[in-house]
Amino acid sequence: MPKGAIRFSIALAIIVIIALIYEINTTQFALFKNPLLNQIHLNVTQSTTQNLKSYTVTRVVDGDTFVIDYEGKEDKIRLIGINTPETVDPRKPIQCFGKEASKQMKSLAEGKLVGLEFDESQGYRDIYGRLLAYAYLSDGEMLNRKMLADGYAYEYTYMKPYKYQKEFRELQKFAEQNKRGLWSDDSCKGELKAN
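Criteria and thresholds
Residues numbered from 1 in each chain as written. Predicted model: local features only at pLDDT ≥ 70, side-chain atom pairs only at ≥ 80, totals over all residues. Heavy atoms only, no water. Phe/Tyr/Trp six-rings, centres within 6.5 Å; stacked < 30°, edge-to-face > 60°. Helix = DSSP H or I, 4+ residues; strand = E, 2+ residues; numbered from the N terminus. Lys NZ or Arg CZ within 6 Å of the ring centre and 35° of its normal. Polar contact = N/O pair within 3.5 Å; in protein donor to acceptor, adjacent residues only side chain to side chain. pLDDT = per-residue confidence, 0-100. Contact = heavy atoms within 4.5 Å. Expected span 1.5 Å × (residues − 1). Buried < 20%, exposed > 50% of the residue type's maximum accessible area, 1.4 Å probe, protein only. Arc of directions from axis to C-beta.

1. Quick word on the packing of aromatic side chains
- In the structure shown here, the tally under the stated rule is seven aromatic pairs.
- Between Tyr134 and Phe168 the ring centres are 6.2 Å apart and the planes differ by 80°, which places this aromatic pair in the edge-to-face class. Highlighted residues: Tyr134 in strand β6 (residues 131–136) and Phe168 in helix α5 (residues 165–177), separated in sequence by 34 residues.
- Taken together, Tyr134, Tyr162, Tyr164 and Phe168 form an aromatic cluster joined through their ring pairs.
- Arg145 extends its terminal NZ or CZ atom over the ring of Tyr164, reaching a point 5.2 Å from the ring centre.

2. Structural notes on the side chain of Glu167
- Within the secondary structure, Glu167 sits in helix α5.
- Engagement of the side chain of Glu167 in a polar contact is seen with the side chain of Arg145, the distance being 2.5 Å.

3. Brief notes about the confidence of the model for the protein chain
- Scored by pLDDT, the protein chain has a mean of 82; 74% of the residues are at 70 or more.
- Contacts of residues 24–47 to residues separated by more than four positions or lying in other chains number 23 contacts, the stretch itself having pLDDT below 50.

4. Observations regarding helix α3 (residues 98–109)
- Here α3 is 12 residues long and its end C-alpha atoms lie 16 Å apart, about the 16 Å a rise of 1.5 Å per residue gives.
- Of all the residues in α3, the buried ones are Gly98, Ala101, Ser102, Gln104, Met105, Leu108 and Ala109. Along the axis of α3, the buried positions cluster into a sector of 160°, meaning they face one direction only. Among the exposed residues of α3, those pointing more than 90 degrees away from its buried face are Lys99 and Lys103.
- For α3, the secondary structure elements touched by its buried residues are β1 (54–62), β2 (65–70), β3 (73–79) and α4 (143–149).
- Just past α3, the residue Gly111 takes up positive phi, approximately 80°.

Here it is in structure tokens:
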């Protein structure tokens, strides 16, 4: 193969890689500004989650934890990358916006089917024995993302970075800037002190 053809192929490959990186980054930041991009993002999510096994949510514990029927027994799921204000920890008082976050999770997930995506970087269970996962509703929407974007949760990293960490941090910034949920002026303004 002539040197000119090799150089051309390398240059073309670099251009394609740069274009893909640019598309990923601009899509991530434009999601909330363009309804068409939101729909495209939803369709991509749906196509990537079609192979996930679905489980019925039998009970919601709080805004970031729920119980499913997992292979014939009940098992708790702790959503990766988010944390919601406390409502059930006996060592802590109920935090600002905790009841609202729990109520929102109930309305989104209780009695519904969810697909679970695991993240090897986090392991499969936490120190309390809960399964760690990203959870998807039947329409392809990820619960972790929705809770962050709507201001019912804040980004939470436990020890190691996880697959969607950068995106989740951007979703929290979006909720803060738009004063959604716990970031609103008439709720907690992002401060989680007890009610």
